[in-house]
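Single-letter residue listing:
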Amino acid sequence: MLLLAQVFILPRVAYAYPYGAAVNYSVGDSPQLLFAADLSGDGVSDLAVPSIGTDSISVLINSGSGTFAAAVNYAVAGDPYAVFAADFDGDGDRDLAAPNYFNSNVSILLNNGAGTFASAVNYAAGTGPQAIFAANLNSGSVLDLAVANADSNNVSILLGNGSGTFASAVNYNVGTLPMGIVAADLDGDSDQDLAVTNYTSGNVSILLNNGSGVFASAVNYTVGSEPQTISAADFDGDSDQDLAVVNTASSNISILLNNGSGVFASAVNYTAGTLAYGGYAADLNADGRVDLAVANFTSDNVSILLGNGDGTFASAVNYSAGDGAAYVFGADFDGDSDQDLAVTNNTDDNVSILLSQSFVASVSSSGGAGLSDFVRRLQGGFAERYAARAYIPRDLSLRAEQCTSASCNAIVQFNSPKDAELERFALRHSENHRRIPFAAERNEEQVTLRFPWASNAELPVQLCYTHQNNAEFCVESRIWTPAAFAASEVTIEQLGRVKDQFLVSLRIPSFHNFSYFTSGKSIVLVEVYDTDSRLIFRQSVNRPEIIKLLLDPRRHTIRMTPVNAAGEAGEMITIPLDVHLLADPMLRVYTQQLDALWKNLLNMLNDISRRLAR
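Parameters and conventions
- Residues numbered from 1 in each chain as written.
- Predicted model: local features only at pLDDT ≥ 70, side-chain atom pairs only at ≥ 80, totals over all residues.
- Heavy atoms only, no water.
- Helix = DSSP H or I, 4+ residues; strand = E, 2+ residues; numbered from the N terminus.
- Buried < 20%, exposed > 50% of the residue type's maximum accessible area, 1.4 Å probe, protein only.
- Contact = heavy atoms within 4.5 Å.
- Areas by Shrake-Rupley, 256 points an atom, 1.4 Å probe, with all protein chains shown as cover.
- Salt bridge = Lys/Arg side-chain N within 4 Å of Asp/Glu carboxyl O.
- Polar contact = N/O pair within 3.5 Å; in protein donor to acceptor, adjacent residues only side chain to side chain.
- Pairing = 2+ DSSP bridges.
- Axes fitted to C-alpha atoms, helices over the stretch in contact; angles between N-to-C directions.
- Core = buried A, V, L, I, M, F, W, Y, C linked by side-chain atoms within 4.5 Å.
- pLDDT = per-residue confidence, 0-100.
- Phe/Tyr/Trp six-rings, centres within 6.5 Å; stacked < 30°, edge-to-face > 60°.

1. Here's the deal with the overall build of the chain
Working step 1: Looking only at helices and strands, one finds 5 helices and 44 strands in the chain.
Working step 2: Residue burial in the chain is summarised as follows: out of 614 residues, 52% are buried.
Working step 3: Considering only intrachain contacts with a sequence separation of at least 6, the fraction spanning at least 24 residues in the chain is 51%.
Working step 4: Total accessible area computed for the chain in this model is approximately 25900 Å², and 50% of it derives from carbon and sulfur atoms.

2. Some remarks on unusual backbone geometry
Working step 1: One non-glycine residue, serine 104, lies in positive phi territory at about 55 degrees.
Working step 2: Even without being glycine, leucine 177 reaches a positive phi, approximately 60 degrees.
Working step 3: Note on placement: leucine 177 falls in the loop between strand E14 (170-173) and strand E15 (178-184).
Working step 4: Owing to a relative accessible area of 23%, leucine 177 belongs among the partly exposed residues under this scheme.

3. Considering the pattern of salt bridges
Working step 1: Evaluated as defined, the whole model comprises 1 salt bridge.
Working step 2: One salt bridge in this structure joins aspartate 530 and arginine 534, with 2.9 Å as the shortest N-O distance.

4. Description of the environment of valine 204
Working step 1: Within the fold, valine 204 resides in strand E17 (residues 203-207).
Working step 2: According to the relative accessible area criterion, valine 204 is buried, its value standing at 0%.
Working step 3: With near-sequence residues (within four places) excluded, valine 204 lies in contact with Ala195, Val196, Thr197, Asn198, Val219, Asn220, Tyr221, Val223, Ile230, Leu243 and Val245.

5. Examining the environment of asparagine 161
Working step 1: Assignment of secondary structure puts asparagine 161 in the loop between strand E13 (154-158) and E14.
Working step 2: In sequence terms asparagine 161 and glycine 140 are 21 residues apart; their C-alpha atoms lie 9.8 Å from each other.
Working step 3: Ignoring any residue separated from it by four or fewer positions in sequence, one finds asparagine 161 in contact with Val142, Phe166 and Ala167.
Working step 4: Side-chain polar atoms of asparagine 161 contact the side chain of threonine 165, separated by 2.9 Å.

6. Things to note about the pairing of strand E5 (residues 56-60)
Working step 1: Across the 5 residues of E5, 5 count as buried, placing the element largely inside the fold.
Working step 2: Neither face of E5 is exposed, since Ser56, Ser58 and Leu60 on one face and Ile57 and Val59 on the opposite face are all buried.
Working step 3: Sheet topology places strand E4 (residues 46-51) next to E5; 5 bridges connect them, and they run antiparallel. Paired with valine 49 across the strands is serine 58, a residue of E5.
Working step 4: The turn joining E4 and E5, which pair antiparallel and follow one another in sequence, is formed by 4 residues; a positive phi near 50 degrees is taken by aspartate 55.
Working step 5: Note: E5 against strand E6 (residues 72-75), 4 bridges, orientation antiparallel. Bridge pairing in E6 links serine 56 to alanine 75.

7. Brief notes about the sheet that holds strand E20 (residues 242-247)
Working step 1: Read across the open sheet, the 4 strands follow the order E19-E20-E21-E22; overall the sheet is antiparallel. Across the chains shown, the open sheet's two edge strands, defined by having one partner strand only, are strand E19 (227-233) and strand E22 (268-271). Across the sheet, the mean angle from the axis of one strand to that of its neighbour is 25 degrees, orientation sign disregarded.

8. Quick word on the sheet that holds strand E3 (residues 35-37)
Working step 1: Taking strand neighbours across the sheet as the criterion, the 4 strands line up as E3-E4-E5-E6 in an open arrangement whose pairing is antiparallel. Where the open sheet ends on each side, the last strands, each with one partner, are E3 and E6. Neighbour-to-neighbour, the strand axes of this sheet turn through a mean angle of 25 degrees, independent of strand direction.
Working step 2: Taken together, the 3 bridges between E3 and E4 define a ladder with antiparallel strand orientation.

9. As for the side chain of asparagine 111
Working step 1: As for its position among the elements, asparagine 111 is in the loop between strand E9 (105-109) and strand E10 (121-124).
Working step 2: For asparagine 111, the side chain forms a polar contact with the main-chain nitrogen of glycine 115, separated by 3.3 Å.

10. Notes on the side chain of serine 40
Working step 1: Its location among the elements puts serine 40 in the loop between E3 and E4.
Working step 2: Its relative accessible area of 16% is what places serine 40 among the buried residues.
Working step 3: A distance of 3.2 Å separates a polar atom in the side chain of serine 40 from a polar atom in the side chain of aspartate 42.
Working step 4: When near neighbours in sequence (up to four residues on either side) are disregarded, serine 40 contacts Asp46, Ile61, Gly113, Ala114 and Gly115.

11. Describing the environment of asparagine 296
Working step 1: Among the structural elements, asparagine 296 can be located in strand E24 (residues 291-296).
Working step 2: Spatially, the C-alpha atom of asparagine 296 lies 8.0 Å from that of serine 251, the residues being 45 residues apart in sequence.
Working step 3: Those residues in contact with asparagine 296, other than ones at most four positions away along the chain, are Ala272, Gly273, Thr274, Leu275, Ala276, Asn301, Val302, Ser303, Asn318 and Ala325.
Working step 4: A polar atom in the side chain of asparagine 296 sits 3.0 Å from the backbone nitrogen of glycine 273.
Working step 5: A polar side-chain atom of asparagine 296 sits 2.9 Å from a polar atom in the side chain of serine 303.

12. Some remarks on the nonpolar core
Working step 1: By size, the foremost hydrophobic cluster in this structure holds 91 residues, and its most contacted members are Leu47, Leu96, Leu145, Leu194 and Leu243.
Working step 2: Counting residues per element, this core draws most heavily on strand E27 (residues 325-331), which supplies 6 residues.
Working step 3: Residues within four places of leucine 47 in sequence aside, it is in contact with Leu34, Phe35, Ala36, Leu39, Ser58, Val59, Leu60, Phe68, Phe333, Ala342, Val351 and Ile353.

13. Quick look at the confidence of the model for the chain
Working step 1: Of all residues in the chain, 69% attain a pLDDT of 70 or more, and the chain-wide mean is 78.
Working step 2: Predicted confidence in the chain is weakest over helix H2 (residues 381-386), with a mean pLDDT of 36, and strongest over E14, with 98.
Working step 3: Confidence over residues 482-489 falls short of pLDDT 50; this stretch has 21 contacts with residues more than four positions distant or in other chains.
Working step 4: In this model residues 510-521 is a low-confidence stretch, pLDDT under 50, and it forms 43 contacts with partners more than four residues away in sequence or in other chains.

14. Thoughts on the packing of aromatic side chains
Working step 1: Taken as a whole and judged by the stated rule, the model has 17 aromatic pairs.
Working step 2: Between the aromatic rings of tyrosine 74 and phenylalanine 117, the centroid separation amounts to 5.5 Å while the plane-to-plane angle is 80 degrees, which identifies the pairing as edge-to-face. Taken together, the residues span a long stretch of sequence, with tyrosine 74 in strand E6 and phenylalanine 117 in the loop between E9 and E10 at a distance of 43 residues. With respect to burial, tyrosine 74 and phenylalanine 117 carry one shared label: buried.
Working step 3: Ring plane angle 75 degrees and centroid distance 5.6 Å describe the contact between tyrosine 172 and phenylalanine 215, whose orientation is recorded as edge-to-face. With tyrosine 172 in strand E14 and phenylalanine 215 in the loop between E17 and strand E18 (219-222), this pair connects stretches of sequence that are 43 residues apart.
Working step 4: Counting every residue linked through ring pairs, the aromatic cluster contains Phe35, Phe84, Phe133, Tyr280 and Phe329.

And the structure:
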């Protein structure tokens, strides 16, 4: 029997920039936490790299194409573990501030405007300063300094005078062995608060600012093991500042989401490489969501974790750096408007530059803004910047028609410039990368690709166009049949049982997933029928939703039908309940009871052990 199969466009669009091979530049011995900024006043980002082995700051001036001149070294007091570039004297160029661990002070190097620096002037901080951040801490018009002191377990605040000089330090207690610091408006009152990582105590201290550069006592939040660097950014799109903490011993990143008032949810951890050191948060792939880059000391690479925009992150993708990759910082080094990376290699005594390469976009099933958002972003300024490198498909539509139990006819349609050559388009299977032969036709700017699909299941496809300059632009998506979609996207969770009926939770994904209708507002009609085809429940859904129902899997069937604004119905999906409800809920109860019994037994054994130890 032939039927019209509904098409499902996956909701999540992720843009990925692969990075090129590392190019290395020599700096001082044992380089640490670097900083990228325009130091020479030519509009491109240069590098400042502190080195504890040579007690110096290496300045590398960028040519503008992502290549750098040989390092020029400037002496500081001793063991600079970090550097921060900002305009401390109000003359419009970037000066440098570096905390000196051995001498317990901060070196200020004023810029002469061309990327050369005056001799360091030192200001006392706490004992063993490890990290530094510059921000306007007292609501004035000049920049101040916040310094994390590893050995005195406190933070020094040095208020700026506006001339490149600073007042004496005022100290605030934090946790044990503070290693990282960031300033951001954490509580939404428009002043700069502080977040500090405490390496030994395994937590983050939050110090809220009263607006005049005076801070409340620290409130601590547990993170991973041996937290080191910290970044603040809006990871979940709710307009407040969340935190990302790189944990060295546990080799992961802790994400702490902000409730808007400077109070944070419990940490959620994401795996990085081995012995993660330095982290950097920014929109690395120009999709409007904040991503993470993490330098991994033992695995000698950089982990890229793309943000989903809701506070969650994709699994890490790793790029090789040098030996002892310690810290990472991002900027547009080659002038192509995307974020490149610079990584300090502690063992190799150099900096690796990883330039972002050609643009790749993929659509996955992890939730998010959807294809319409993808098209909107591509048609904006971002697409204009890359028009020379690729012909970007617009208004992409994938569908399957005339499906039988074994095959379908697949159709891919999109708009593309009139001068796009059909022979330059390619279709590949996303997972095994085999090319898919197709018949192509075009009408004005619309291109249609047709091909037989010898399966009635999901098909991951990659659509690519090779430009005349050999730059290739690819979009990844999936075509779904009703059966494949129902099995993968609609989930049913058993909550309990009342005699022969089950209390279930039916999770409905976004209504955009159910329809390829492009005009008007679509809905999904959710209905429950009994074995006599009598309707016992009906509800229209136009957004992600959870519906709780009391059902008998032997007698009830769930049906879902997409309907567009004109009342046209797509293919109905039937959800088989017996597959989801075979498990006896009492088995779960017995398992919970057994777990509780085991925990009680362990507690008793631990108590006996403590008593014997006395």
